[in-house]
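Secondary and tertiary structure notes
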Amino acid sequence: MSAATPFHTAADRARRMALYAYCAVVFVFLVAPILAIAPLSFNSGSFLSYPLDGFSLRWYAELFGSRGWGTAFRNSLLVAIAATGLATPLGTLAALGLARMSGAFKPLAIAVLLSPMFVPIIIVAVAVYFLYAPLGLTNSYLGLVLAHTTLATPFVVIVVHASLQGVDSSLLRAAASLGAPPMEAFFRVLLPLIAPGAVAGAIFAFMTSFDEIVVAMFLAGATQKTLPLQMWDGVRDQISPAITAAATLLTVTSVLLLGVVEVMRQRRARLYGKVSGREDLTGS
């Protein structure tokens, strides 16, 4: 037995190293195209090519100094904030309803609520356009916000619904037994428990709206042009290195927001751990 132990240890170590190597290859395969864009945004030349002509911030200066880029960034930010403000409470309430729902209609309700995620985006864009055009919502901020809310709400539903699965329903019953009305029990007991999930869902909703382009092509007018639309026009009309600066900033922003999501996930895990610890101490 003692002679077999080093063999198994070496075999386990070899499998672990092979797994790490495979994960590293997959990571490089996925990330390398993104990382290739960042150095180009600091190129002093006027063409997207390697090797770089030199280091310069001229394309970031153009990005922030150009009226077109500035307007597009402002539009994306305002629309994403508005869509997130609508999608977060709608998605949270829908998740609460799904958590309480049972029976044969629950799968149908889930399919309807999550359909904007699974239906091809071009079909959603065409459908929204034909729905909004008679209502005068095309070429308007309101129409763009409502359409992005439709796309962003399913992400909030998924994240908050997952958070609700870890909530002990006995806590709400305990609050009710102590005389707390349903609204007070929601705000003082349930909402703090699902708050990390709601924040994470809001971040996903913001990212969905901020990066969306297909629906914006159908609904946005000249004054509602968003940052992805501005980048698309730049690629189609003239390939400017300012596009790489915008892409780099979008990538950095996405990484930072995902970092916030991870912090929220860890906070949620610690919070549920504390709640479970109290339950163990009380013997419930």
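Everything that follows concerns the structure shown earlier in this document.
Everything in this summary refers to the structure shown in the same document. Computed from a predicted model, the values in this text were never measured in an experiment.

What about the overall build of the protein chain?
- Looking only at helices and strands, one finds 11 helices and 0 strands in the protein chain.
- On the principal axes, the C-alpha backbone points of the protein chain span a range of 75 × 70 × 35 Å.
- Looking at the 284 residues of the protein chain, the share that counts as buried comes to 35%.
- By element, 72% of the accessible surface of the protein chain is carried by carbon and sulfur atoms, the whole surface being about 16600 Å².
- Where the 18 positive side-chain charges of the protein chain centre and where its 12 negative ones centre are 6 Å apart.

A few points about the packing of aromatic side chains
- One pass over the full model with this rule turns up 6 aromatic pairs.
- Measuring from centroid to centroid gives 6.1 Å for Phe 73 and Phe 210, while their planes differ by 80°, and the two rings are edge-to-face. With Phe 73 in helix α3 (residues 67-100) and Phe 210 in helix α8 (residues 182-211), the pair connects residues that are 137 residues apart, well separated along the chain.
- The exposure class assigned to Phe 73 is partly exposed, which follows from its relative accessible area of 42%.
- Aromatic pair Tyr 129 and Phe 130: ring centres 5.6 Å apart, planes at 80°, arrangement edge-to-face.

Considerations on empty space enclosed by the protein
- Under the definition given, this model contains 1 cavity of 30 Å³ or more.
- Considered as a void within the structure, the largest cavity measures approximately 60 Å³ in volume.
- Along the walls of the largest cavity sit Phe 206, Met 207, Phe 210, Asp 211, Leu 250, Thr 253, Ser 254 and Leu 257, which together make up its complete lining.
- Elements supplying a minimum of two residues to the lining of the largest cavity: α8 and α11 (242-282).
- For the lining of the largest cavity, the class distribution of residues is 5 nonpolar, 2 polar and 1 charged.

A few points about the layout of surface pockets
- Considered as a void within the structure, the largest pocket measures approximately 270 Å³ in volume.
- If you list the elements that add at least two residues to the lining of the largest pocket, you get α3, α6 (141-165) and α7 (169-177).

Regarding the environment of Val 263
- Mapping Val 263 onto the fold places it in helix α11.
- Exposure remark for Val 263: the relative accessible area of 46% places this residue in the partly exposed category.
- C-alpha of Val 263 to C-alpha of Pro 196: the two residues are 67 residues apart in sequence and 8.8 Å apart in space.

Some points on the pattern of salt bridges
- Per the counting criterion, the structure on display carries 1 salt bridge.
- In this structure, the salt-bridge partner of Arg 15 is Asp 12, at a minimum N-O distance of 2.2 Å. With Arg 15 and Asp 12 both in helix α1 (residues 4-40) and 3 residues apart, this pair spans about one turn of that helix.

Parameters and conventions
- Residues numbered from 1 in each chain as written.
- Predicted model: local features only at pLDDT ≥ 70, side-chain atom pairs only at ≥ 80, totals over all residues.
- Heavy atoms only, no water.
- Helix = DSSP H or I, 4+ residues; strand = E, 2+ residues; numbered from the N terminus.
- Buried < 20%, exposed > 50% of the residue type's maximum accessible area, 1.4 Å probe, protein only.
- Areas by Shrake-Rupley, 256 points an atom, 1.4 Å probe, with all protein chains shown as cover.
- Lys, Arg positive; Asp, Glu negative; His and termini not counted.
- Charge placed at Lys NZ, Arg CZ, Asp CG, Glu CD.
- Phe/Tyr/Trp six-rings, centres within 6.5 Å; stacked < 30°, edge-to-face > 60°.
- 1 Å grid on protein atoms, 1.4 Å probe; cavity = no way out; pocket = protein on both sides within 12 Å on 5 of 7 lines; lining within 4 Å.
- Points joined across faces, edges and corners; volume = space filled by probe spheres on them.
- Nonpolar A, V, L, I, M, F, W, Y, C, P; charged D, E, K, R; others polar.
- Salt bridge = Lys/Arg side-chain N within 4 Å of Asp/Glu carboxyl O.

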